[in-house]
Every structure is written in structure tokens, then in C-alpha cells.
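Secondary and tertiary structure notes
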Amino acid sequence: MSIPNLITLGRILLVPVVVWAIAAGEMLLAFSLFLVAGLSDAVDGYLAKRFNMTSELGAYLDPLADKALIVSIYVTLGIAGTIPRWLVILVVSRDIMIVGAVMLSWLIGSPLKVKPLLVSKLNTVAQIAFACLVLAALGFSFRAEAAITAMMVVVAVTTLLSVAAYLAEWVRHMNSVAAGK
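Computed from a predicted structure; not experimentally measured.

**Some remarks on the overall build of the chain**
Per the secondary structure count, the chain includes six helices and zero strands. Taken from the N to the C terminus, the helices and strands of the chain come in the order α-α-α-α-α-α. Rg of the C-alpha trace for the chain: 18 Å, near the compact-globule value of 16 Å for 181 residues, within the 12% margin. For the chain, the spread of C-alpha atoms along the three principal axes comes to 60 × 40 × 25 Å. Within the chain, the fraction of its 181 residues that count as buried is 38%. Of all intrachain contacts in the chain linking residues separated by at least 6 positions in sequence, the fraction that spans at least 24 positions is 76%. Roughly 10200 Å² of accessible area belongs to the chain as shown, and the carbon and sulfur atoms make up 74% of that amount. A gap of 8 Å separates the mean positions of the 12 positive and 9 negative side-chain charges of the chain.

Set out below in C-alpha cells:
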């Protein structure tokens, strides 16, 4: 177990604490923990690359930690009525669709290697920025409706574009598998 993997596990363990903080209305704490999680993500990535500590476990744990945090924050903010439920459904459904497509490909014996697409990376940045903005506005009690609405649109659009791009990749993969049989 390398130091970057331990840091990533720490980020995973932060998830229920962030969920609790949001549910308890402790938004400043939730925002602070979200920043700690983001910093830990940068640190574990830097350490892994800089000191050649990359591992197969880390390659799976890191995105799992990121998704667990983002999905948990979105769901909790949605339940609290802080962000629109349609946005929560869109963000969570995208991730379920991607995981489902990968699993289906694997189950039928044609594993699909998922490479992060540029639009997906932009979507992740938008999702993180939106969550950060919402938590900061709530934690520090400042009004940011225009910025929150703008970021919400960016999250929705990049999520839809990401779904379309991954769906196109999956259909292309499945067609190539079918053509090869």
C-alpha cells in the first residue's frame, strides 16, 4: 500500500463525513472538507507520478474516490433541495450509464477500455467547480445565483455531451465486435 493509495483511501473515508456535514447544515465544514479532498487528490497524483508510485490499485481507487465524492455531494445537495433534482439525476445517470456499458461489454466477452475523453474531463471540472461554488456560497453565506445558474448550465451541457460521446464510443465498439463475429 503506497502513500498515494493511502491518501486516496483517506479521501474515500471523507465522503461520509462530507455527506453528514451537508445533511447537518454544516456547509462551511462541508466546503472545507471538499477542499481538503481536492488537495489530497492533487497530492496523491503528484506523489504517484513524481516518485513513480503509480499502481494498478491506484488507477482504480483514484477515480472511484472522485466519483464517490462528487456523486455523494450531488445526491445530498439534491435531497436537501439546494440544487435541482433534475441535475442530480442527470449527473448520476451519466455515471450509471458509463458503468453499465462497461459492465455489459465485459459480460458479453468484449471488454471496453474506457479512456477519459476531453469532454468528460471538462465535465468533471465543471461538476467540481459547481459543487465548490454551491458549498462556498452556503458555507460563507454569500449570494451567487448568477454564477451558480451559469455553472449549472455548464454542468448540464457537458454532462449531456459526455453521455453522447461515451455512447458513440460504446456503439462503435459494439458494432466492431459484431462485425468481427
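**Section: the environment of glycine 58**
Counting through the fold element by element, glycine 58 comes out in helix H3 (residues 56-79). The buried category is assigned to glycine 58, whose relative accessible area is 17%. Along the sequence, glycine 58 and asparagine 123 sit 65 residues apart, while their C-alpha atoms lie 22 Å from each other. Excluding anything up to four places from it in sequence, glycine 58 contacts Asn5 and Pro63.

**Topic: the packing of aromatic side chains**
Summed over the entire model, instances satisfying the criterion amount to two aromatic pairs. Ring geometry for phenylalanine 31 and phenylalanine 140: centres 5.5 Å apart, planes at 80 degrees, overall edge-to-face. You can see phenylalanine 31 sitting in helix H2 (residues 27-50) and its partner phenylalanine 140 sitting in the loop between helix H5 (118-139) and helix H6 (145-180), a full 109 residues away along the chain. With relative accessibility at 49%, the residue phenylalanine 140 sits in the partly exposed group. Measuring from ring centre to ring centre gives 6.0 Å for tyrosine 74 and phenylalanine 130, while their planes differ by 45 degrees; the resulting arrangement is tilted. In this pair, tyrosine 74 is assigned in helix H3 and phenylalanine 130 in helix H5, connecting sequence segments 56 residues apart. Each member of the pair, tyrosine 74 together with phenylalanine 130, is buried. Across from the ring centre of phenylalanine 51, 5.3 Å away, lies the NZ or CZ of arginine 50, which sits over that ring.

Conventions used here
Residues numbered from 1 in each chain as written. Predicted model: local features only at pLDDT ≥ 70, side-chain atom pairs only at ≥ 80, totals over all residues. Heavy atoms only, no water. Helix = DSSP H or I, 4+ residues; strand = E, 2+ residues; numbered from the N terminus. Rg over C-alpha atoms; globule rule 2.2 N^0.38 Å. Buried < 20%, exposed > 50% of the residue type's maximum accessible area, 1.4 Å probe, protein only. Contact = heavy atoms within 4.5 Å. Areas by Shrake-Rupley, 256 points an atom, 1.4 Å probe, with all protein chains shown as cover. Lys, Arg positive; Asp, Glu negative; His and termini not counted. Charge placed at Lys NZ, Arg CZ, Asp CG, Glu CD. Phe/Tyr/Trp six-rings, centres within 6.5 Å; stacked < 30°, edge-to-face > 60°. Lys NZ or Arg CZ within 6 Å of the ring centre and 35° of its normal.

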